[in-house]
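For reference, the chains in residue letters:
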Amino acid sequence: MDRRKVILGLASATMALAARARGQGQQTQGGPNPQSVADVERAFAATMAHRDATAFASFISLEAIFMGSSDAPAVLRGRQAIVEEWKKFFDGPTAPFSWEPDIVEVVDSGGMALTSGPVHNPKGELIGRFNSIWRLESDNRWRVVFDRGAPVCQ
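Residues numbered from 1 in each chain as written. Predicted model: local features only at pLDDT ≥ 70, side-chain atom pairs only at ≥ 80, totals over all residues. Heavy atoms only, no water.

Caption draft 1: Spatial organisation of the overall build of the protein. Each helix and strand in the protein was counted, giving four helices and eight strands. When its helices and strands are written in sequence order, the protein yields α-β-α-α-β-β-α-β-β-β-β-β. Look at the contacts in the protein between residues 6 or more apart in sequence, and 52% of them connect residues 24 or more apart. Looking at the protein as shown, the accessible area adds up to about 8700 Å², and 57% of this sits on carbon and sulfur atoms. (Helix = DSSP H or I, 4+ residues; strand = E, 2+ residues; numbered from the N terminus. Contact = heavy atoms within 4.5 Å. Areas by Shrake-Rupley, 256 points an atom, 1.4 Å probe, with all protein chains shown as cover.)

The following block contains the structure:
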């Protein structure tokens, strides 16, 4: 199967879940121990708020892939490339954006999870939505293996 179709299918499913969750005004969580993944996602987001790029890096898998939000997104492969590109977001005293999960789903085996939620600018305005795939790694820590943001649909 074409990887692009898989990624687009995942993004579509995530958006559908997000719309359902927003329509119900609640968080969606499922699978074994989704709260632990939600807590890790919040800790990951806190690294941006606290301007801590070193802590940020610790949440990213060595083989992670981060993709931009455009139709032909830039693809960053590996922790080192991601951290290098994201350094600019840690410059200055104020975080350029923040995020919070409102969808957390964990596969039944408990080793992989999806998080998704709104992204806000410093004024609190909704500017996008993040979608992350987490993996429980051999050291028993959750780390991001795939991440892609999306702009707000108009």
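Caption draft 2: Representation of the nonpolar core. Within the largest apolar cluster, 28 residues are counted, with the highest numbers of intra-cluster contacts made by Phe44, Phe66 and Trp134. Of all elements in the fold, only helix 2 (34-49), helix 3 (53-58), strand 2 (60-67), helix 4 (79-86), strand 5 (103-106), strand 6 (112-120), strand 7 (126-136) and strand 8 (142-151) reach the threshold of two or more residues within this core. It is helix 2 that contributes the most residues to this core, six residues altogether. The residues contacting phenylalanine 66, other than those within four sequence positions of it, are Phe44, Phe56, Ile60, Ala74, Val75, Leu76, Ile82, Trp86, Val144 and Asp147. (Core = buried A, V, L, I, M, F, W, Y, C linked by side-chain atoms within 4.5 Å. Buried < 20%, exposed > 50% of the residue type's maximum accessible area, 1.4 Å probe, protein only.)

Caption draft 3: How the structure looks around the layout of surface pockets. Looking at the second largest pocket, its volume works out to about 550 Å³. Lining the second largest pocket we find 25 residues, and of these Met67, Trp86, Phe97, Asp147 and Gly149 sit closest to its centre. Only strand 2, helix 4, strand 7 and strand 8 provide two or more residues apiece to the lining of the second largest pocket. (1 Å grid on protein atoms, 1.4 Å probe; cavity = no way out; pocket = protein on both sides within 12 Å on 5 of 7 lines; lining within 4 Å. Points joined across faces, edges and corners; volume = space filled by probe spheres on them.)

Caption draft 4: Just the pairing of strand 5, in detail. Pairing analysis gives four bridges linking strand 5 to strand 6, with the strands arranged antiparallel. Note on strand 6: the bridge partner recorded for valine 104 is threonine 115. In textbook terms, the turn of a hairpin is the stretch between consecutive antiparallel strands, and for strand 5 and strand 6 this stretch comprises five residues, one of which, glycine 110, has a positive phi near 80 degrees. (Pairing = 2+ DSSP bridges.)

Caption draft 5: Seen up close, helix 2. An ideal rise of 1.5 Å per residue puts 22 Å on 16 residues; helix 2 measures up with 23 Å between its terminal C-alpha atoms. The set of residues buried in helix 2 consists of Pro34, Val37, Ala38, Val40, Glu41, Phe44, Ala45, Thr47 and Met48. Viewed along the axis of helix 2, the buried residues span an arc of 165 degrees, placing them on a single side of the element. Immediately downstream of helix 2, the backbone of arginine 51 shows phi near 60 degrees, a positive value. (Expected span 1.5 Å × (residues − 1). Arc of directions from axis to C-beta.)

Caption draft 6: Layout of the pattern of salt bridges. This model, assessed by the stated rule, comprises nine salt bridges. Of the charged contacts, one joins arginine 129 and aspartate 102 as a salt bridge, the two residues approaching to 2.5 Å between their closest N and O atoms. One end of the pair, arginine 129, is in strand 7; the other, aspartate 102, is in the loop between strand 4 (98-99) and strand 5, and 27 residues separate them in sequence. A residue is classified by how much of its surface remains accessible, and aspartate 102, at 14% relative accessible area, is buried. When the shortest N-O distance is used, the salt bridge between aspartate 139 and arginine 143 registers 2.9 Å. Salt bridges linked by common partners bring Glu63, Arg135, Glu137, Asp139 and Arg143 together as one network. (Salt bridge = Lys/Arg side-chain N within 4 Å of Asp/Glu carboxyl O.)

Everything listed is a geometric property; what it means functionally is a separate question.
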